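# Structural characterization, general
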Amino acid sequence: MEHLSDKEILDLFRAGNRDKAFRALVDIHGKTVYNIALFTLNDESMADDVTQESYIKIYRNLEKFKGDSKLSTWMYRIVKNACYDAAKKRHFGPVDEMEELDLRDPDGFSPDEDALIHWRQEELRDAVEQLPVNQRLAITLYYFQDKSYEDVAAIMGLPLNTLKSHLHRAKTSLAHALIHLEGSPV
Amino acid sequence: MNGQNHDPFDIMFQKAQVDLPDHLRHRLLAVPHPTSPVSFWDSRWILPIVTLIPGLTWFIINYATTIWRWVGDKLALFPKDLAIPAIPASPEISPFSFALVLGFLLVAVAAGSWLYLRMDNQTTTLYAQHLTEAHSPG
């Protein structure tokens, strides 16, 4: 897979070689976009649709991208909005934080390596699904993108401290949910 | 990773990541294709136009004068103070001229269709493709 820089992709696209530019966007970001959608929505069919819808929007608007942010930040903002819209349409899970969460120390959750092997992705997805959508997006963007607070805050349109608070709450709730999952190996 | 390797969630999320499914990758890579410009000679729209032209021309040449006279007669029934432009009851227009004018109209319609196809092709094809994918078993 040829790894092109943002500038090379944009130059290719604007020069009319849209197929190649778009293919690069799918190769570089497709897996991450799909995983963000999958973990946020916990529904493979919806994740498919949200991923495709996001890429259509990306394709249609790439010409207008001005470079005010990183290309990936701009792309993931589109993905984030598509996930929000899909979550709202299906009315599953709170979109905003509406409930008081158990704020135990997430550092207390420390499964050993052997236990981690037995976690299946479905179990993690089920646990993530129990989070409010804001937190789901924050935690999936954080772990599936490049683990940069600044980038995730820019994608989410949140102040840095608010994002950190979302992440802290998400980790705490996730640890709580995983520990109490039926058949949990921890 | 900036020292975050010990974050248990990091390991869990990395392990839980799934690859982009092949069928979805195929769908995504199909996104740009419908935007290829529609050729001026694309049979999807040029054939109907080409086949219509002889028939329409024949119709126009045969009936243009009659139709024009009928329209003129009807309009001439209006009182003149309504300021409707007077149209001669027997217009001095040859079938050939009339066919020429309508020929230009046809070309304009054809050009409009072509531009419309060119602009709308992406949306319609993507929508059709989306429906196909959504209803395909695999």
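Residues numbered from 1 in each chain as written. Chains lettered and ligands numbered in written order. Predicted model: local features only at pLDDT ≥ 70, side-chain atom pairs only at ≥ 80, totals over all residues. Heavy atoms only, no water.

Right, let's talk about the overall build of chain B for a bit. Across its full length, chain B carries 4 helices and 0 strands. Within chain B, contacts between residues separated by at least 24 positions form 65% of all contacts whose residues are at least 6 apart in sequence. (Helix = DSSP H or I, 4+ residues; strand = E, 2+ residues; numbered from the N terminus. Contact = heavy atoms within 4.5 Å.)

What follows is about the pattern of salt bridges. Any two side chains of opposite charge can pair, given that their charged atoms come close. As enumerated under the stated definition, the model contains 7 salt bridges over all chains in all. As a salt-bridge pair, Arg27(B) and Asp49(A) come within 3.1 Å of each other at their nearest N and O atoms. Placement of Arg27(B) in helix H2 (residues 22-29) and of Asp49(A) in helix H3 (residues 44-61) is noted, with the two residues assigned to different chains. In this structure Arg27(B) comes out as buried when scored by relative accessible area, which is 5%. A salt bridge links Asp151(A) to Lys70(A); its shortest N-O distance comes to 2.8 Å. Of the two residues, Asp151(A) sits in helix H8 (residues 149-156) while Lys70(A) sits in the loop between H3 and helix H4 (71-90), which places them 81 residues apart along the sequence. (Salt bridge = Lys/Arg side-chain N within 4 Å of Asp/Glu carboxyl O. Buried < 20%, exposed > 50% of the residue type's maximum accessible area, 1.4 Å probe, protein only.)

Now for the nonpolar core. Counting residues in each nonpolar core, the largest one holds 70 residues, and the members touching the most others are Tyr55(A), Leu124(A), Leu174(A) and Phe13(B). When sequence neighbours within four positions are dropped, the list of residues in contact with Leu174(A) reads Leu124(A), Ala127(A), Val128(A), Leu131(A), Ile139(A), Phe9(B) and Phe13(B). (Core = buried A, V, L, I, M, F, W, Y, C linked by side-chain atoms within 4.5 Å.)

Right, let's talk about the confidence of the model for chain B for a bit. Residues and elements named next belong to chain B. In this model, chain B carries an average pLDDT of 69, and 59% of its residues clear a pLDDT of 70 or more. Per-element confidence in chain B ranges from a low mean pLDDT of 66 for helix H4 (residues 95-135) to a high of 89 for H2. The ipTM value of the predicted complex is 0.76, and its pTM value is 0.60. (pLDDT = per-residue confidence, 0-100.)

This part covers the packing of aromatic side chains. Counted under the stated rule, the structure contains 10 aromatic pairs over all chains. Pairing Phe22(A) with Tyr55(A) gives two aromatic rings, centres 5.6 Å apart and planes at 80°, and the pair type is edge-to-face. Note that Phe22(A) is positioned in helix H2 (residues 18-41) and Tyr55(A) in helix H3, a separation of 33 residues in sequence. There is no split in this pair, since Phe22(A) and Tyr55(A) are both buried. Relative to Phe144(A), the ring of Phe39(A) lies with its centre 5.0 Å away and its plane at 70°, an arrangement referred to as edge-to-face. Placement of the pair is Phe39(A) in helix H2 and Phe144(A) in helix H7 (residues 133-144), with a sequence separation of 105 residues. With respect to burial, Phe39(A) and Phe144(A) carry one shared label: buried. Here a set of aromatic residues connected by ring pairs shows up, and it is made of Phe39(A), Tyr142(A), Tyr143(A), Phe144(A), Tyr149(A) and Phe13(B). Taking NZ or CZ as reference, Lys164(A) lies 5.2 Å from the ring centre of Tyr149(A), over its face. (Phe/Tyr/Trp six-rings, centres within 6.5 Å; stacked < 30°, edge-to-face > 60°. Lys NZ or Arg CZ within 6 Å of the ring centre and 35° of its normal.)

Moving on, we come to a nonpolar patch on the surface. On the surface, a nonpolar cluster with roughly 430 Å² of combined accessible area is contributed by Trp58(B), Phe59(B), Tyr63(B) and Ile67(B). Tracing the sequence through the fold places Phe59(B) in helix H3 (residues 43-76). (Patch = residues over 30% accessible without salt bridge, like charges linked within 9 Å, V, L, I, M, F, W, Y side chains within 5 Å. Areas by Shrake-Rupley, 256 points an atom, 1.4 Å probe, with all protein chains shown as cover.)

On to the packing of H7(A) against H8(A). The description of two packed helices rests on the angle between their axes and on the distance between the axes. All names here are of chain A. Following both chains from N to C, one finds H7 and H8 inclined at 140°, their axes separated by 10 Å at the closest point. Between H7 and H8, the angle is such that the two are oblique. Crossing angle aside, the handedness with which H7 passes H8 is right-handed. Judged by residue contacts, Asn-134, Leu-137, Ala-138, Leu-141 and Tyr-142 of H7 engage Tyr-149, Val-152, Ile-155 and Met-156 from H8. (Axes fitted to C-alpha atoms, helices over the stretch in contact; angles between N-to-C directions. Parallel < 35°, antiparallel > 145°, perpendicular 65-115°, else oblique. Left-handed = near helix turned anticlockwise from the far one by under 90°.)

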